Amino acid sequence: MLTPHQYFNPKMETIPRDELRMLQEKRIQFQIMHAYANSTLIRKRFEKAKIHPSDIKTIEDFQRKVPPMEKDTVRDEREKTGDLYGGVLGVPPTTSLVVGRSTGTTGIPTFIPFTSEDISRIAEQWARALYMVGLRRGDRYALKALFFHMWPKPHEKGAELLGLQTLELEIIDVELNLNMLKYFKPKAFWTGTTPLLP
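Because the structure is a prediction, the values reported are computed rather than measured. (Residues numbered from 1 in each chain as written. Predicted model: local features only at pLDDT ≥ 70, side-chain atom pairs only at ≥ 80, totals over all residues. Heavy atoms only, no water.)

**Student:** Got a minute to help me understand the nonpolar core in this structure?
**Tutor:** Generally speaking, a soluble globular protein has its nonpolar side chains buried in company with each other. Among the nonpolar cores identified, the biggest contains 9 residues, and these are I28, I32, Y36, I42, F46, I51, I56, I59 and V66. For this core, the leading source of residues is helix α2 (residues 17–38), giving 3 residues. (Core = buried A, V, L, I, M, F, W, Y, C linked by side-chain atoms within 4.5 Å. Buried < 20%, exposed > 50% of the residue type's maximum accessible area, 1.4 Å probe, protein only. Helix = DSSP H or I, 4+ residues; strand = E, 2+ residues; numbered from the N terminus.)

Structure follows, in structure tokens:
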């Protein structure tokens with residue numbers, strides 16, 4: 001069994017199951033209410049399914065009643081309305097955002113907006129994951145990813161929360177990457193959608 005020092009956030013990572021479920025349901029209810037009030041696409045889909053956020057009280061309610069969405073759902077809404085974010089933006093359009101995107105290999109890229117709060121939450125998830133695989137403050141860590149996806153931003157922040165020495169590798173220069181890895185000698189290396197060798 002893991003002991004508290006083996007967790008990045010012992011309080012949240014060892015929360016009793018019943019407390020975890022209560023927290024999850026509280027957060028689901030908040031998220032559903034927020035999305036319904038602020039996202040035009042979510043509201044439309046709920047109205048079409050004849051459900052209201054007040055109908056969602058449990059995880060089972062969420063799984064059974066909330067209409068599923070796919071990327072095409074968002075793309076279709078974008079095409080119909082001209083809304084860059086396809087009706088899913090849940091904050092005022094004047095909010096400062098970091099915008100990631102899909103590759104666009106099947107057409108126009110899907111734009112994915114993140115607030116600073118979103119990035120902070122995702123960063124802690126990355127910190128937990130990096131801690132779980134054995135990285136600790138001061139360890140060397142190498143990262144290579146497609147930066148247009150935006151995922152490296154919270155990933156880097158997670159490594160920073162953990163106190164890692166993080167090296168960002170080049171996207172294209174294979175020889176330079178190999179030399180950097182040889183001399184930097186990271187304890188761990190992560191790559192997302194791109195392999196080490198393009």
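**Student:** Can you help me understand the packing of aromatic side chains in this one?
**Tutor:** Under the defined criterion, the tally for this structure stands at 3 aromatic pairs. Against the face of Y36 rests R43, its NZ or CZ located 4.2 Å from the ring centre. If you follow R140 out to its NZ or CZ, it ends over the ring of F184, 5.8 Å from the centre. (Phe/Tyr/Trp six-rings, centres within 6.5 Å; stacked < 30°, edge-to-face > 60°. Lys NZ or Arg CZ within 6 Å of the ring centre and 35° of its normal.)

**Student:** Please explain the sheet that holds strand β3 (residues 140–144) as it appears in this structure.
**Tutor:** Each strand in a sheet pairs with another by means of backbone hydrogen bonds, the pair being arranged parallel or else antiparallel. What the 3 strands build is an open sheet, ordered β4-β3-β5; its pairing is parallel. The sheet is open, and its two edges are formed by β4 (165–168) and β5 (188–191), each paired on a single side. Here the strands of the sheet are splayed against their neighbours by 20° on average, with no regard to which way each runs. In terms of strand pairing, β3 meets β4 through 4 bridges, oriented parallel. Within the sheet, the bridge partner assigned to Y141 lies in β4 and is T166. Seen against the sheet, helix α7 (residues 152–162) touches β3, β4 and β5 and runs at an angle of roughly 175° to β3. (Pairing = 2+ DSSP bridges. Axes fitted to C-alpha atoms, helices over the stretch in contact; angles between N-to-C directions. Contact = heavy atoms within 4.5 Å.)

**Student:** Would you mind showing me how to read the side chain of D61 here?
**Tutor:** Tracing the backbone through its elements, the reader meets D61 in helix α4 (residues 59–65). Using a relative accessible area of 11% as the deciding quantity, one classes D61 as buried. In this structure the side chain of D61 is engaged in a polar contact, spanning 3.0 Å, whose partner is the backbone nitrogen of K57. With sequence-adjacent residues up to four places away left out, D61 is seen in contact with D55, I56 and V66. (Polar contact = N/O pair within 3.5 Å; in protein donor to acceptor, adjacent residues only side chain to side chain.)

Limitation: the analysis is restricted to geometry and does not speak to function.
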